[in-house]
Amino acid sequence: MKKEAIGTSADPGLCIRPNETLHTYSPLAIGLVMGAGFAGLGLRYLAREHATDDAIQFLIPWYAFARDHGIAALAEPFTNYTPVYSYLLLIAAHFDWLGQPLSLVKAISGVFELGCAIVVAQMVWRATKVPLRACVAFCAVWLAPTVIFNGALWGQADSIWTFFTLVSVALFMRDRNGIAPFAMAFSVKAQGVFLGPFVLGMILRRRIHLAWLATVPGIYVVLAIPVLVAGRSVVSVFAVYLDQAHTFNRLTMNAANIWVLAGGMPYAIGVAVGMVLAAASGLALSIFIARSQRAGPEFILLAACVSLMLMPYLLPKMHERYFYAFELASIALACLNPRYLPFAVIAQIDGVLSYLAFETGIVLGVLPAALCNSLLAYYLVLDLWRSERRFRLPKLAWVGFIVSAAGLFSYLVLEGPGWDISPVYLLATGLVTAAALRLLKDSQQAPTSGQEAGTPDVAEALSS
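Residues numbered from 1 in each chain as written. Predicted model: local features only at pLDDT ≥ 70, side-chain atom pairs only at ≥ 80, totals over all residues. Heavy atoms only, no water.

## Re the overall build of the protein
Link 1 in the chain: Scanning the protein from terminus to terminus reveals 20 helices and 2 strands.
Link 2 in the chain: Here the protein holds 464 residues, and the buried ones make up 55% of them.
Link 3 in the chain: Residue pairs in contact within the protein that sit at least 24 positions apart in sequence constitute 79% of those at least 6 positions apart.
Link 4 in the chain: Accessible surface, the protein as shown: approximately 20000 Å² in total, 70% of it carbon and sulfur. (Helix = DSSP H or I, 4+ residues; strand = E, 2+ residues; numbered from the N terminus. Buried < 20%, exposed > 50% of the residue type's maximum accessible area, 1.4 Å probe, protein only. Contact = heavy atoms within 4.5 Å. Areas by Shrake-Rupley, 256 points an atom, 1.4 Å probe, with all protein chains shown as cover.)

## Concerning empty space enclosed by the protein
Unoccupied space between atoms shows up once a probe the size of one water molecule is rolled over them.
Link 1 in the chain: Taken as a whole and judged by the stated rule, the model has 1 cavity of 30 Å³ or more.
Link 2 in the chain: The calculated volume of the largest cavity comes to roughly 60 Å³.
Link 3 in the chain: Together, A256, E320, F323, F326, E327, A347, D350, G351, S354, N373 and L376 line the largest cavity.
Link 4 in the chain: Those elements that provide at least two residues to the lining of the largest cavity are α15 (324-336), α16 (341-359) and α17 (366-385).
Link 5 in the chain: Tallying contributions element by element places α16 first for the lining of the largest cavity, with 4 residues.
Link 6 in the chain: Each residue belonging to the lining of the largest cavity can be placed in one class, and the counts come to 5 nonpolar, 3 polar and 3 charged. (1 Å grid on protein atoms, 1.4 Å probe; cavity = no way out; pocket = protein on both sides within 12 Å on 5 of 7 lines; lining within 4 Å. Points joined across faces, edges and corners; volume = space filled by probe spheres on them. Nonpolar A, V, L, I, M, F, W, Y, C, P; charged D, E, K, R; others polar.)

## Focus: the nonpolar core
Link 1 in the chain: Core analysis: the largest hydrophobic core is formed by 145 residues, its most contacted members being Y85, L89, M123, I160, F198 and L301.
Link 2 in the chain: The element that contributes the greatest number of residues to this core is helix α14 (residues 297-314), accounting for 14 residues.
Link 3 in the chain: Not counting chain neighbours up to four residues away, the residues in contact with L301 comprise M123, V169, M173, A329, A332, L333 and L336. (Core = buried A, V, L, I, M, F, W, Y, C linked by side-chain atoms within 4.5 Å.)

## Things to note about the layout of surface pockets
Link 1 in the chain: In this structure, the largest pocket occupies an estimated 1200 Å³ of space.
Link 2 in the chain: Forming the walls of the largest pocket are 43 residues, and the residues nearest its centre are Q191, Q244, K317, H319 and Y322.
Link 3 in the chain: Only α2 (53-69), α9 (196-206), α12 (240-245), α13 (267-291) and β2 (318-319) provide two or more residues apiece to the lining of the largest pocket.
Link 4 in the chain: At 7 residues, α13 tops the list of elements feeding residues into the lining of the largest pocket.
Link 5 in the chain: Reported here for the second largest pocket is a volume of approximately 450 Å³.
Link 6 in the chain: The wall of the second largest pocket is formed by 19 residues, among which L41, R44, Y45, A107 and G110 lie closest to the centre.
Link 7 in the chain: Looking at the lining of the second largest pocket, the elements that each hand over two or more residues are α1 (27-46), α4 (101-128), α5 (131-142) and α6 (145-153).

In structure tokens:
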């Protein structure tokens, strides 16, 4: 049996050299983290008073109710979230003297955003033992445009369930049982179920007893005990997700998924078709994970990314921010293997295009985002299906994608809100989609014998 050199990786995409595993954190890595850390805090401070309609109608009144009633607030369903969010609001209310209500609500998201950045950095560090890669992962998550939009601008809670989702994936990457944090994610928001196909696949793969699935409702019940003791009705506690499911009657809530491309389908039929598609795809993914002979942290993380991408892509009634967990997991994947860098970058651009639909009313950005997300979903599934290949930096594809994406953003901003589908818009949409396709295809192509002369390897840059 062929033995590998100490400090090397079975996956050539990682490009870890023996001496790199012994390095301590370099001044460059430390400076990068400190600079990004302060920059992220600065951006969050500047956006502290930015209020959306959701913040004015829901978040601020919820906080005020928690502040004014204290522990007694737990007896009332004063939010339409699970009890966990009520507890967090009560904790934030103890610091009321520090700032305005909206700032403190956003601080909750900020704490978990920091947690997400730390978990992703830990994932990368444990898998690669390369300090610079771990630092880049931390900075990329902390400063990711969709993270800034979601928390600093909107005050949304997606970083909370995503934090527990990432912890679950990180544990599975270390050959440990990650079902409990998955259950925590589901107990925070129903979107935690996006990781469900991955978790089921890992249960079958690791032959974990199916009784562990009882952890999911069990943790929800345990976390609900304080509000039940306070006097809140059982129905209001355990019907939260059912009530949320009936809040909107649209196949897509600005989510860049398949339902943008099937907008003419009747609502009832679309919901039924979407649920069947998601269930079938999720089951197929679980079976594939259980039967696959591939192993290692990168394969586990790739499988998690596919789960976190496919579910919001196929399910109806999704919001633009429901790709949040995938967007952060894809950053970790890109730091493990730079051939996935295009996936992380395209995911961020698609996310921002979707966020603009709610933030500024520029809904025309959702269509190109949905087209590019379709490509992401296809190539992620393709990569999971087949073995990995070495990555080579596709310079021309990067230039084309950056230029076309910049052109699309410029057009959308200058054109402003509305549905004016002009030839220029169709051209911009076609160019950015074609450029994304070229970038994803080129990132999967590799030289047959080592690196081409004069073509730098991104992994070399991140590992040095």
